[in-house]
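Coordinate analysis (summary)
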Amino acid sequence: MKIFFLFTFSTFFWSPFEQAAASVHYDKILTHSRIRARDQGQNVCALQQVMGTKKKYFSTCRNWYQGAICGKKATVLYECCPGYMKMDGMRGCPAVAPIDHVYGTLGIVGATSTQHYSDISKLRGELEGRGSFTFFAPSSEAWEQLNSEIHRNLIDNVNIELYSALHHHMVNKRMLTKDLKNGMTLVSMYNDQKLLINHYPNGVVTVNCARVIYGNQIATNGVVHVIDRVLTAVGNTIQDFIEVEDDLSSLRAAAITSDVLDILGKPGHYTLFAPTNEAFERLPRGLLERIMGDKVASEALVKFHILNTLQCSEAITGGAAYETLEGNTVEVGCDGESLTVNGVKMVKRKDIVTSNGVIHLIDEVLIPDSAKQVTELGGAQQTTFTDLMIQLGLASSLRPEGQYTLLVPLNGAFSDDTLRMDQRRLKTILQNHIINVKVGLNELYNGQELETIGGKLLRVFLYRTAVCIENSCMVRGSKEGRNGFIHILRQIINPAEKTLHEMLRNDKRFSVFLSLVKAADLDDVLSQPGKWTLFVPTNDAFKGLTDDDKDILIRDKNALRNILLYHLTQGVFIGSGFEPGVTNILKTIQGGKLYLKTVNDTLLINELKSRESDLMATNGVIHVIDKLLYPADLPVGNDQLLTILKKLIKYIQIKFVRGSAFKEIPLTFYKPIIKTYTKIIDGRPVEVTEKKVTEERIIQGPEIKYTRITAGGSDNEEKLKKLLEDEAPVRKEQPTRRTQGGTARRRTRLAYP
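Residues numbered from 1 in each chain as written. Predicted model: local features only at pLDDT ≥ 70, side-chain atom pairs only at ≥ 80, totals over all residues. Heavy atoms only, no water.

Our next topic: the overall build of the chain. Looking only at helices and strands, one finds 25 helices and 42 strands in the chain. Taking all 753 residues of the chain together, 49% fall into the buried category. In the chain, the share of contacts with a sequence separation of at least 24, taken over all contacts with a separation of at least 6, comes to 61%. Split by element, the accessible area of the chain, about 37300 Å² in all, is 49% carbon and sulfur. (Helix = DSSP H or I, 4+ residues; strand = E, 2+ residues; numbered from the N terminus. Buried < 20%, exposed > 50% of the residue type's maximum accessible area, 1.4 Å probe, protein only. Contact = heavy atoms within 4.5 Å. Areas by Shrake-Rupley, 256 points an atom, 1.4 Å probe, with all protein chains shown as cover.)

On to the packing of helix α8 (residues 148–156) against helix α9 (residues 158–167). Contact geometry of α8 with α9 gives a least axis separation of 6 Å together with a crossing angle of 125°. Here α8 lies oblique to α9, going by the angle between them. Here α8 contributes N153, L154, I155 and D156 to the contact with α9, which in turn contributes V158, E161, L162 and A165. (Axes fitted to C-alpha atoms, helices over the stretch in contact; angles between N-to-C directions. Parallel < 35°, antiparallel > 145°, perpendicular 65-115°, else oblique.)

In this section: the sheet that holds strand β30 (residues 568–570). Reading across the sheet, the four strands line up as β30-β29-β36-β35 and stay open at both edges, with mixed pairing between neighbours. Bordering the open sheet on either side are β30 and β35 (612–617), each of which pairs with just one other strand. Each strand of the sheet is rotated relative to its neighbour by a mean of 20°, with strand direction disregarded. Relative to β30, strand β29 (residues 532–537) runs antiparallel, the two being bridged by three bridges. Bridge pairing links W532 to Q570 in β30. (Pairing = 2+ DSSP bridges.)

What follows deals with α9. Given 3.6 residues per turn, any residue in an α-helix points the same way as the ones three and four places further on. Buried residues of α9: V158, L162, S164, A165, L166 and H167, and no others. Buried-residue contacts for α9 involve α5 (112–120), α6 (124–128), β7 (133–138), α7 (140–145), α8 and β8 (170–171).

What follows concerns the pattern of salt bridges. On inspection of all chains with the given rule, the structure shows 35 salt bridges. Here R211 makes a salt bridge to E314, at a shortest N to O gap of 3.4 Å. One end of the pair, R211, is in strand β12 (residues 210–219); the other, E314, is in the loop between β15 (306–307) and β16 (320–323), with 103 residues separating them in the sequence. Here R211 matches E314 in class, with each residue buried. In this structure, the salt-bridge partner of D422 is R424, at a minimum N-O distance of 3.4 Å. Since its relative accessible area comes to 42%, D422 is described here as partly exposed. Here the residues in one salt-bridge network are K55, R211, D228, R229, E314, E337 and D351, joined through shared partners. (Salt bridge = Lys/Arg side-chain N within 4 Å of Asp/Glu carboxyl O.)

To continue, consider the confidence of the model for the chain. Overall, the predicted model of the chain reaches an average pLDDT of 86, with 86% of residues at or above 70. Segment residues 1–23 is flagged for pLDDT under 50; beyond a separation of four residues in sequence, or across chains, it makes 28 contacts in the model. A low-confidence stretch, residues 691–753 (pLDDT under 50), is modelled with 91 contacts involving residues beyond four sequence positions or located in other chains. (pLDDT = per-residue confidence, 0-100.)

Here we take up the state of the cysteines. The tally for this structure, following the rule as stated, stands at five disulfides. Disulfide pairing places C45 opposite C81 at an S-S distance of 1.9 Å. On the sign convention where negative means left-handed, the S-S torsion of about 105° between C45 and C81 marks this disulfide as right-handed. Remark: C81 occurs in the loop between β4 (72–80) and β5 (84–85) and C45 occurs in strand β1 (residues 44–50); sequence separation between them is 36 residues. By relative accessible area, which is 1% here, C81 ends up buried. Through a disulfide, C209 is tied to C312; the S-S separation comes to 2.1 Å. The disulfide joining C209 to C312 has a torsion of about -75° about its S-S bond and is therefore left-handed. Linking C209 in the loop between β11 (205–207) and β12 with C312 in the loop between β15 and β16, this pair joins segments that are 103 residues apart in sequence. Summarising the burial analysis for this pair, C209 and C312 share the class buried. By sequence order of its bonded cysteines, the chain has the disulfide arrangement 1-4, 2-8, 3-5, 6-7, 9-10. (Disulfide = S-S within 2.5 Å.)

Another point: the sheet that holds strand β18 (residues 338–341). With respect to topology, four strands assemble into an open sheet ordered β16-β17-β18-β19, the strand pairing being antiparallel. With one partner strand each, in any of the chains shown, β16 and β19 (344–345) form the two edges of the open sheet. Note: β16 against strand β17 (residues 329–335), four bridges, orientation antiparallel. Paired with Y322 across the strands is V330, a residue of β17.

Our focus in this paragraph is the environment of W532. Positionally, W532 belongs in strand β29. Take W532: its relative accessible area is 4%, and that puts it in the buried class. Along the backbone, W532 and I622 are 90 residues apart, and their C-alpha atoms lie at a distance of 8.6 Å.

A few words now on unusual backbone geometry. Of note, the phi angle at N208 is positive, near 50°, even though the residue is not glycine. Looking at the element boundaries, N208 is found in the loop between β11 and β12. A positive phi angle is found at D259, which is not glycine, with a value near 60°. As for its position among the elements, D259 is in the loop between α11 (249–257) and β14 (270–275). Residue classification places D259 among the partly exposed residues on the basis of a relative accessible area of 48%.

This part covers the packing of helix α22 (residues 547–555) against helix α23 (residues 557–565). In contact at an axis separation of 5 Å, α22 and α23 are set at 95° when each is read in the N-to-C sense. By the angle class used here, α22 and α23 are roughly perpendicular. Residue-level inspection shows L553, I554 and R555 of α22 in contact with α23, the latter providing K557, L560 and I563. Counted by class, the contact of α22 with α23 contains four nonpolar, no polar and two charged residues. (Nonpolar A, V, L, I, M, F, W, Y, C, P; charged D, E, K, R; others polar.)

Of the pairings in the sheet, the one linking strand β26 (residues 467–469) to strand β27 (residues 472–481) comprises two bridges and is antiparallel in character. Its bridge partner being in β27, I469 is matched across the sheet by S472. Counting the residues in the hairpin turn of β26 and β27 gives two residues, including E470, whose phi is positive at 55°. Pairing of β27 with strand β28 (residues 484–489), which is carried by five bridges, proceeds in the antiparallel orientation. Opposite E480, over in β28, you have F485 as the bridge partner.

Moving on: the packing of aromatic side chains. Counted according to the given criterion, the structure contains five aromatic pairs. Ring geometry for Y26 against F58: centres 6.4 Å apart, planes inclined by 85°, an arrangement best described as edge-to-face. Placement of the pair is Y26 in helix α2 (residues 25–36) and F58 in the loop between β2 (56–57) and α3 (61–66), with a sequence separation of 32 residues. Each member of the pair, Y26 as well as F58, carries the same accessibility label: buried. An aromatic cluster is built from Y463, F573 and F578, whose rings are joined through pairwise contacts. Taking NZ or CZ as reference, R211 lies 4.0 Å from the ring centre of Y57, over its face. (Phe/Tyr/Trp six-rings, centres within 6.5 Å; stacked < 30°, edge-to-face > 60°. Lys NZ or Arg CZ within 6 Å of the ring centre and 35° of its normal.)

This part takes up the nonpolar core. Membership of the largest hydrophobic core comes to 47 residues, with the highest contact counts inside it found for L504, L534, I622 and Y630. Excluding its chain neighbours within four sequence positions, the residues that come into contact with I622 are L500, M503, L504, L534, V536, E612, S613, D614 and L615. (Core = buried A, V, L, I, M, F, W, Y, C linked by side-chain atoms within 4.5 Å.)

Take the pairing of strand β21 (residues 357–362) next. Most of β21 is tucked away: six of the six residues are buried. Neither face of β21 is left uncovered, since the one carrying G357, I359 and L361 and the one carrying V358, H360 and I362 both have all their residues buried. Here six bridges tie β14 to β21, and the two strands are oriented parallel to one another. The residue bridging Y270 from the neighbouring strand is G357, located in β21. When strand β20 (residues 347–354) meets β21, the two strands line up antiparallel, connected through five bridges. Within the sheet, the bridge partner assigned to T354 lies in β21 and is G357. The loop that links β20 with its antiparallel partner β21 comprises two residues.

And the structure:
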């Protein structure tokens, strides 16, 4: 009858609490533990215990499936869930634990040392009496781990010191884990001392950074939560601790210089990773002096060590990124018993609890990107570029107060041949990777032009999943420093020097294709400024083509243009700018479609491999192929032409429809751009265009006359002089203006009296 009463009584008390807690992290994790152990019987929970330790956890899914906590292998244990117990001869945990007052409950949950100290300190009567208490009871192991001097002082004065210490673990009302909200502050029963509560998403609940290892054991006059350490009084703020701690004098000086120290004296829930004096001493002297002499950099440095959330060490069971007051994140994790910051074991002392947060002492100074010079932002994969910058004197030429953007190729982009180049040539290459303005990733746009300190204009190409600058596309890792950005690139940038037509003319591999381009009157298209992608077959693609075959092709200009313009598409498409393995459909000038994709860093065009890709021209890009392209859906209606094409194209079946004709493609798909520049003749500026003289007319008024000249580069200067013989001298010339990231815009106005 007594057992039945206990079962009914405890079920009455427990069930409503358990149901109300269903939406809280601790209870969710506990529910998952029940599910994992359902094969073991009712009310059994699965826990993970870190091998070689006594530390046990109700685990998150991540830890459970990894089979590890803090990188250490964990074994699986099955125990009765909190509030339940085994019965002889029965499977699982079918009985509820007995309900007793708080003092008796300490024995039920195994907190026997706390029970003993409650007895000898005369606290027992209170724990057995009337009331509604919450007791955060240290486990027996927690008392063993307490500093021996503190432990001895408590035992030597049980009626005052020990009694007060135990009262500090009590709250004068019942608080289940569902009531313990993250960031909450409770008032203990000793001098109204603060108890800082944190309830983390991984189910860990802490009080002054002590972890609740066994929660919600209901008592007739309250509830008991077993914790893994003995609580000490919390009084000072983080600022107070820094001001009196001798080992943090360097941090104190930096915090005062940057006006950050006062923040740490205000109410809040902060985490400070505090570098010791030794950590500051290990920094290069010049680096620390520069940062401390720059208020913005020093403020960024100090704030980078502060989280706006309270992260106790016991709550960290795996790596996670946390935002700092500086604005960027740090990765906080664990390796066994050690805390790690950005993957490095650097925490010397953890969980110094204050009234507004927690302090972890570290033996390294964390330097945020925002406090670094742009030349210091490179990582392990960019050391070749940064080393060359130093060796060639370019790093020292970048002023701390300047604004720069470095386009940094990966180490693997520098071949042995490149590194063996003459230093002057190598310096020129590097100069073309340095922009004299600060341009972030989100400021780049398609068609933008960036001027390097070497005087070259680099074009920006923006694709769905890539940003490319000339022939080289970015990889993840862009960073912003104190005086600039770095963007990481796959390859060395090769700025364009020649037009598409000039590149074809200067490479013997393309002589046949170029002759056909000339015969089709397409030279101008490839010579004029524009944005084109040209797929160029090498001479190997025309093997077997006789002079007679060539004459037949040339005579049928419509056919020839259709074939050639199937190799040309509008827009600049860099091979490495395509999303790997995904087919990209481009419409050609001929009207047909090309199907492009990259597989294993190789560009495929209609499933044909490009032998060389991303040859940059001032008006586009060339991808080299060794076969002639032809639209599979375009029929041929001429027997002779069909025979010729079959000689050259064997990878597809060409359709034959007798009598069909190729459509005419007029050269209206591009607009010739008239390039205007100012030429000085006898000290007088004249606007000249690179076209034949198309118009010469004089508009004469009563007081003003204008001469408009449209002349070609082949016209001699004498003709221009003659036209200017009667003209008055120039009064005013507007200066050249250059927009950031753009080309020069020259506006010259000729005014006559």
